[in-house]
Amino acid sequence: MSTPRTLVPAHRRLTALLGACAAFFAVSVVAVVLHTPQAAASTGTGYLHTSGSKIVDSTGAVVRLTGLNWFGMETDNHTFHGLWAGRNATWKMQMDHMAALGFNTIRVPFTGDSLRAGAQATSINSDSNPDLVGLSPLQILDKVVDYAGQKGMRIFLDRHRPSTAGQTALWYTSSVSEASEIADWQMLAQRYANNPTVIGADLFNEPHAEGTDPQGTGACWGCGDTTKDWRLAAQRIGNAVLQANPNWLIIVEGVSCNLASGGTPNTFDNIPDDPLACDWWGGNLSQAATAPVQLSVANRLVYSAHDYGISVFDRQPWFNDPNFPNNLPDVWNHFWGYLVQQNIAPVLIGEFGSTLANPLDTEWMTKLMSYMGTGSNGMSFTYWSWNPDSGDTGGIVQDDWVTVNQNKMDIVGPYLNPPVGAPPSNNPPPSSRPPSTGPSSGPPSSPPPGNGSCNVTYAVTNSWPGGFTSNVTVTNGGTAALAWTVRLTPPSGVTLANGWSATFAATSSPWVITPPSWQPTVAPGQSYTFGFQGNGSSTPAPSLTC
């Protein structure tokens with residue numbers, strides 16, 4: 001296994017701010033009124049399309065995508081990061097873990113360099129992921145797509161960079177043309193044309209301003225200059241994608257500043273600047289209502305914005321407002337929330353994240369999750385990121401690619417809409433698990449112990465001398481949401497080493513196991529799986545009651 005490089009994402013979102021005006025700004029108050037749709041249908045059935053401000057499936061049921069970013073295919077590794085992890089975090093185990101936590105969608109950043117003939121995926125651990133060794137980046141993507149489909153998850157693709165060299169203000173460069181980007185998108189659209197697991201194209205990541213007004217050279221919105229106007233480019237690229245696959249969603253990010261020059265405000269010209277002229281890279285959709293993207297296929301357009309905390313950039317003016325964090329909904333209303341409130345189009349928050357090192361970021365992210373909402377009224381989102389090696393945000397998992405950052409999950413978890421599909425085949429244990437000597441499956445409890453509405457099954461997933469890992473699945477056979485408690489009596493000599501995706505009280509027998517804070521109940525007819533690592537022999541099986 002070659003040593004992976006640490007990624008400090010070059011696309012980070014630094015918007016030039018507004019001098020003395022940055023300390024104060026005023027925005028109009030817009031009440032958050034979201035339209036009431038039909039009940040949410042997890043990730044839905046068939047291909048997705050739009051209806052007003054909602055994403056719906058082929059039956060018209062509302063779909064709420066609550067996912068995360070798994071990056072790497074946009075870097076010089078040319079494939080997902082974390083494939084270098086050990087046997088406790090194989091690529092399938094990581095996807096099992098995402099689904100078990102409740103994430104139902106993966107946003108996959110890529111660059112055209114990873115699609116070329118001869119592109120080689122690197123930093124793959126041949127011991128833990130032998131089935132990926134020797135595959136091309138596209139072949140690895142195919143396997144991830146196939147497994148996501150088995151789990152009831154969705155995937156959309158993100159043209160993150162023109163090349164692995166780094167993020168750019170415009171969607172093309174002197175060496176990577178718009179035509180080559182269109183060709184890449186059409187190839188991908190055709191490749192997955194008969195696979196509704198892949199739902200769409202995030203056309204280009206974080207177009208943004210560059211240079212200073214009036215000599216700006218970056219992306220504008222609606223300025224009419226075809227070399228700068230991202231709105232016109234999104235129409236061209238999006239319509240080309242729809243020619244290849246009319247079923248895909250076309251996901252269009254905003255710009256950073258609303259100046260026609262494609263630059264940032266000039267703070268030295270003594271002309272007052274609009275304190276809300278700029279947002280995060282890709283986050284400014286304030287002009288989308290008056291200059292909308294117009295696609296050749298109706299009901300395919302999803303707008304996307306990015307939003308970040310102080311750990312990414314601490315000088316956004318809204319962070320210094322004395323009313324923080326209660327001022328934030330007005331900021332989001334201005335830049336993108338109005339599109340949902342006015343039932344114009346769906347908005348998917350494609351990136352948001354933080355290390356949470358600054359306590360103010362906890363306030364920011366808590367407010368953002370509340371703003372995006374819950375249940376069928378909620379907006380879709382993909383958290384940045386699964387990966388722990390994002391230098392300015394960290395990840396949902398820590399450096400072992402297994403241990404969950406619980407502070408983040410406590411905020412994000414309650415808003416997740418878990419996928420409905422095959423249960424995890426092995427919800428991964430912590431990195432302290434000893435090397436496996438091969439799988440050993442124990443039979444589920446038969447009949448499942450329970451009280452009619454709560455049933456529980458147990459299976460050993462791996463064992464070795466002196467230890468084992470097991471999954472426990474709780475199934476709700478009733479007609480109301482189930483707040484479950486499992487009591488597990490281990491055989492003599494067995495102690496708890498680690499547990500995941502549940503709360504364990506195991507200092508005495510029986511162990512009392514309760515739901516995690518981010519998924520306190522199981523819906524009627526659904527199941528939830530958690531796991532643990534035990535010290536001792538995997539046989540005989542414990543007794544369990546629910």
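Residues numbered from 1 in each chain as written. Predicted model: local features only at pLDDT ≥ 70, side-chain atom pairs only at ≥ 80, totals over all residues. Heavy atoms only, no water.

**Q** Please clarify how the state of the cysteines should be interpreted in this entry.
**A** Such a bond, covalent and formed between the sulfur atoms of two cysteines, is termed a disulfide. Tallying each qualifying case throughout the model produces three disulfides. Each sulfur of the disulfide joining Cys220 and Cys223 lies 1.9 Å from the other. Disulfide pairing places Cys454 opposite Cys546 at an S-S distance of 1.5 Å. One end of the pair, Cys454, is in strand 12 (residues 454-464); the other, Cys546, is in the segment after strand 19 (543-545), with 92 residues separating them in the sequence. (Disulfide = S-S within 2.5 Å. Helix = DSSP H or I, 4+ residues; strand = E, 2+ residues; numbered from the N terminus.)

**Q** Got a minute to help me understand the pattern of salt bridges in this structure?
**A** Two side chains with opposite charge may pair up if their charged atoms get near one another. Applying the stated rule across the entire model yields 11 salt bridges. Of the charged contacts, one joins Lys151 and Asp96 as a salt bridge, the two residues approaching to 3.0 Å between their closest N and O atoms. Within this pair, whereas Lys151 is found in the loop between helix 2 (137-150) and strand 6 (154-161), its partner Asp96 is found in helix 1 (residues 91-101), the two being separated by 55 residues in sequence. Per residue, the accessibility class of Lys151 equals that of Asp96, and both read buried. Each of Arg107, Asp158, Asp202, Glu253 and Glu351 takes part in one network of salt bridges that share partners. (Salt bridge = Lys/Arg side-chain N within 4 Å of Asp/Glu carboxyl O. Buried < 20%, exposed > 50% of the residue type's maximum accessible area, 1.4 Å probe, protein only.)

**Q** Could you clarify how one ought to interpret the sheet that holds strand 1 (residues 49-51) in this entry?
**A** In a beta sheet, neighbouring strands pair by backbone hydrogen bonds and run either parallel or antiparallel. As summarised here, the arrangement of the three strands in space is 1-2-3, forming an open sheet in which the pairing is antiparallel. The sheet terminates laterally at strand 1 and strand 3 (62-63), the two strands that pair on one side only. Where strand 2 (residues 54-56) and strand 3 come together, two bridges link them in antiparallel fashion. Opposite Val56, over in strand 3, you have Val62 as the bridge partner. (Pairing = 2+ DSSP bridges.)

**Q** I keep staring at the nonpolar core and nothing clicks. Help me out?
**A** As a rule of thumb, soluble globular proteins bury nonpolar side chains together. With 109 residues, the main nonpolar core has Leu157, Trp230, Trp248, Tyr303 and Trp336 as its most contacted residues. Apart from residues no more than four positions distant in its own chain, Leu157 is found in contact with Val108, Phe110, Leu141, Trp185, Leu188, Tyr192, Val198, Gly200, Ala201, Asp202 and Trp248. In this structure, Tyr458, Phe468, Trp484 and Phe530 belong to the second largest nonpolar core, which totals 22 residues. (Core = buried A, V, L, I, M, F, W, Y, C linked by side-chain atoms within 4.5 Å. Contact = heavy atoms within 4.5 Å.)

**Q** Where do I start with the packing of helix 5 (residues 328-341) against helix 6 (residues 359-372) in this structure?
**A** When two helices pack together, you describe them by how their axes are tilted relative to each other and by the distance separating the axes. Where helix 5 meets helix 6, the axes come as close as 12 Å, and the angle between the chain directions of the two elements is 25 degrees. In terms of orientation, helix 5 and helix 6 fall into the roughly parallel class. For the element pair helix 5 and helix 6, the recorded crossing hand is right-handed. Contact residues: helix 5 offers Leu328, Pro329, Trp332, Asn333, Trp336, Gly337 and Gln341, while helix 6 offers Trp364, Lys367, Leu368 and Tyr371. Its residues assigned to classes, the contact of helix 5 with helix 6 comprises seven nonpolar, three polar and one charged. (Axes fitted to C-alpha atoms, helices over the stretch in contact; angles between N-to-C directions. Parallel < 35°, antiparallel > 145°, perpendicular 65-115°, else oblique. Left-handed = near helix turned anticlockwise from the far one by under 90°. Nonpolar A, V, L, I, M, F, W, Y, C, P; charged D, E, K, R; others polar.)

**Q** Please explain the side chain of Arg154 as it appears in this structure.
**A** Inspection of the secondary structure assignment puts Arg154 in strand 6. Asp57 is the oppositely charged side chain nearest to the buried, salt-bridge-free Arg154, at an N-O distance of 6.0 Å. Side-chain polar atoms of Arg154 contact the backbone oxygen of Thr43, separated by 2.8 Å. Residues in contact with Arg154, not counting those within four places in the same chain, are Thr43, Gly44, Thr45, Gly46, Leu48, Leu65, Asn104, Thr105, Ile106, Pro196, Thr197 and Ile199. (Lys, Arg positive; Asp, Glu negative; His and termini not counted. Polar contact = N/O pair within 3.5 Å; in protein donor to acceptor, adjacent residues only side chain to side chain.)

**Q** Would you take a moment to explain the pairing of strand 8 (residues 249-253) for this structure?
**A** For a regular strand, side chains alternate in direction, first toward one face of the sheet and then toward the other. Counting buried positions along strand 8 yields five of five residues, so the element is predominantly enclosed. Where strand 7 (residues 198-202) lies against strand 8, three bridges are found, and the strand directions are parallel. The residue bridging Gly200 from the neighbouring strand is Leu249, located in strand 8. Pairing geometry for strand 8 and strand 9 (residues 301-306), over four bridges, is parallel.

**Q** What should I look at first to understand the sheet that holds strand 17 (residues 511-514) in this one?
**A** A sheet is described by the order of its strands in space; here four strands give the open sequence 16-17-14-19, paired in antiparallel fashion. At either margin of the open sheet sits one strand with a lone partner, and together these are strand 16 (503-505) and strand 19. Between one strand axis and the next, the sheet turns through 20 degrees on average, direction left out of account. Sheet topology places strand 16 next to strand 17; three bridges connect them, and they run antiparallel.

**Q** Help me understand the confidence of the model for the protein in this model?
**A** In low-pLDDT segments, the atomic positions of the prediction should not be examined closely. Taken over all residues, the pLDDT of the protein has a mean of 86, while the share at 70 or more is 86%. Ignoring residues within four places in sequence, the model shows residues 1-40, a span with pLDDT below 50, making 125 contacts including any to other chains. In this model, residues 422-451 is a region of pLDDT below 50 whose contacts with residues beyond four sequence positions or in other chains number 91 contacts. (pLDDT = per-residue confidence, 0-100.)

**Q** Sorry if this is basic, but what is going on with the packing of aromatic side chains here?
**A** Given two aromatic rings, their pairing is described by the distance between the two centres and the angle made by the two planes. Following the criterion strictly, the structure yields 26 aromatic pairs and no others. Ring centres 5.8 Å apart and planes at 70 degrees place the aromatic pair Trp91 and Tyr147 in the edge-to-face group. In this pair, Trp91 sits in helix 1 while Tyr147 sits in helix 2, placing the two residues 56 residues apart along the sequence. Here the aromatic residues Trp280, Tyr308, Phe313, Phe319 and Phe324 are joined through ring pairs into a cluster of three or more. (Phe/Tyr/Trp six-rings, centres within 6.5 Å; stacked < 30°, edge-to-face > 60°.)

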